[in-house]
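# Remarks on the overall topology
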Amino acid sequence: MIVPTRTLFEHAYGKYALGAYNINNLEQSMGLFQGCLDSQAPFIIQISKGARSYTDKRMLEAIIRTADEIFPDSLFAVHLDHGDEQTCYDCIDSGFYSSVMIDASHHEFAENVAITKRVVEAAHAKGISVEAELGMLGGVEEDIKVDEKNARLTDPDEAYEFVKQTGCDSLACAIGTSHGAYKFAGSQGIHFERVAEIQKRLPGFPLVMHGSSSVPQEEVEAINAAGGAMKGARGVDVNQYLPAAKLGVCKVNIDTDGRLVWTRVHREFFRDKPAEFDLRAPGKVFMAEYAKFIASRNNYLGSAGNLKAAREHALAVA
Ligand code: G3H
Ligand code: 13P
Ligand code: ZN
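Reference entry: report on the structure contained in this document. No experiment lies behind these values; they were computed from the predicted model shown.

On to helix α2 (residues 26–38), then. Taking 1.5 Å of rise per residue, the 13 residues of α2 would be expected to cover 18 Å, and the 18 Å separating its terminal C-alpha atoms lies within 8% of that figure. Those residues of α2 not exposed but buried are Gln28, Ser29, Gly31, Leu32, Phe33, Gly35 and Cys36. For α2, the side-chain oxygen to backbone nitrogen distance between the N-cap and Glu27 is 3.3 Å, and the N-cap itself is Asn25. One or two positions beyond α2, positive phi appears at Gln40, with a value near 55 degrees.

Shown next, in the form of structure tokens:
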């Protein structure tokens, strides 16, 4: 069942975080729904601009609607990940999305406010909620590259002003993580003191953590052992998800880890079965492995086991 993003946040706030998983194709979708059902977790499906144009934006919508029928017990929201203004309007008008993210964080504060405000107005007119971003994560977002030097943690006072001026419903904060498979060179991690300061300025307001993949070292090693070249890939400690959730982080974005599972499964499959050419054979392995991965992440996020209670909440506020 597709529910409003805000309904999921209301249930999760301060207790657990929702896994927000990117999808690009049907194999990821099937693994995602199965893993969330196995772990009895509500979740968020995210679609990036790149995912919308990989085949055709209608293809992912059709996959999600069908998955909802195949897994009638599922409870989830559909979210546009890292949208520009025009893509936000397109998703708002489509009537399919529960929420959109306007990412104008690369603009100056005033311009970020102005763009976000316009999107909030259009989205709220249709009952859709808006995630905005303030601060600069490192790594790659869509076609914008931010080098580590220019990555800037979110300022708590600015965050307060930004939310007040824009009316956005959740805020993606730069708190030390970055996108992709190479997040940390040394012993860096989430800046918890910064999250706590932001929560103090915005009590009860849903915060979002981007760049949350854990880049499991066993996946990286298996990829490299099967012909890959991913030296030095490092991610977020999964044991930090729940402490972040307790500080108001309701949504934890995970994309890279899914790509690693896909890469490991396919590299190993074709290494071990060089004569094979049926795409469904590794596809089946991937769906099962991805479901296992999703269930394990939902356990770390604390969303596992919350499906029934979240559904009751969703029905009560509908
Ligand atoms: O933060 C970006 C997400 O991982 C989406 O990646 O734009 O390559 O689909 P993508
Ligand atoms: P990762 O690259 O860490 O998976 O982050 C994904 C993300 O933030 C999507 O918006
Ligand atoms: Zn992101």
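The next subject is the coordination of the zinc ion (ligand 3). All of the protein donors around the zinc ion (ligand 3) are His82 (NE2), His179 (NE2) and His210 (ND1); their distances to the metal are 2.0 to 2.1 Å. Written as a sequence motif, the donor residues of the zinc ion (ligand 3) are H-x96-H-x30-H. In this pair, His82 sits in strand β3 (residues 76–83) while His179 sits in the loop between β8 (170–173) and α8 (192–201), placing the two residues 97 residues apart along the sequence. Accessibility classification places His82 together with His179 in one group, the buried group.

Bringing the site of ligand 2 into the picture now. The full set close to ligand 2 counts 15 residues, and Asp81, Lys183, Ser213, Asp255 and Thr256 are the nearest of them. Taking Ser213, its side chain carries an N or O atom lying 2.6 Å from an oxygen atom of ligand 2. The protein chains hide 96% of the 300 Å² of surface that ligand 2 would expose on its own. Going through the elements one at a time, β3 and β10 (249–254) are the ones with two or more residues in the shell around ligand 2. Along the lines of polarity and charge, the residues of the shell around ligand 2 split into 1 nonpolar, 11 polar and 3 charged.

The next point concerns the site of ligand 1. In the neighbourhood of ligand 1, 8 residues make up the surrounding shell, with Ser48, His82, His179, Asp255 and Arg259 lying closest. In the environment of ligand 1, an oxygen atom lies 2.6 Å from a nitrogen or oxygen atom belonging to the side chain of Ser48. For ligand 1, an oxygen atom lies 3.3 Å from a polar atom in the side chain of His82. When ligand 1 is considered free in solution it has 300 Å² of accessible area, and contact with the protein chains removes 80% of it.

On to the environment of Asp84, then. Structurally, Asp84 is set in the loop between β3 and α5 (85–94). With 142 residues separating them in the primary sequence, Asp84 and Ala226 have C-alpha atoms 37 Å apart. Discounting residues that sit within four places of it in the chain, Asp84 has contacts with Lys49 and Ile102.

About the cut-offs
Residues numbered from 1 in each chain as written. Chains lettered and ligands numbered in written order. Predicted model: local features only at pLDDT ≥ 70, side-chain atom pairs only at ≥ 80, totals over all residues. Heavy atoms only, no water. Helix = DSSP H or I, 4+ residues; strand = E, 2+ residues; numbered from the N terminus. Expected span 1.5 Å × (residues − 1). Buried < 20%, exposed > 50% of the residue type's maximum accessible area, 1.4 Å probe, protein only. Polar contact = N/O pair within 3.5 Å; in protein donor to acceptor, adjacent residues only side chain to side chain. Donors = N, O, S within 2.8 Å, 3.2 Å for Na, K, Ca; no water. Near = heavy atom within 4 Å. Areas by Shrake-Rupley, 256 points an atom, 1.4 Å probe, with all protein chains shown as cover. Nonpolar A, V, L, I, M, F, W, Y, C, P; charged D, E, K, R; others polar. Contact = heavy atoms within 4.5 Å.

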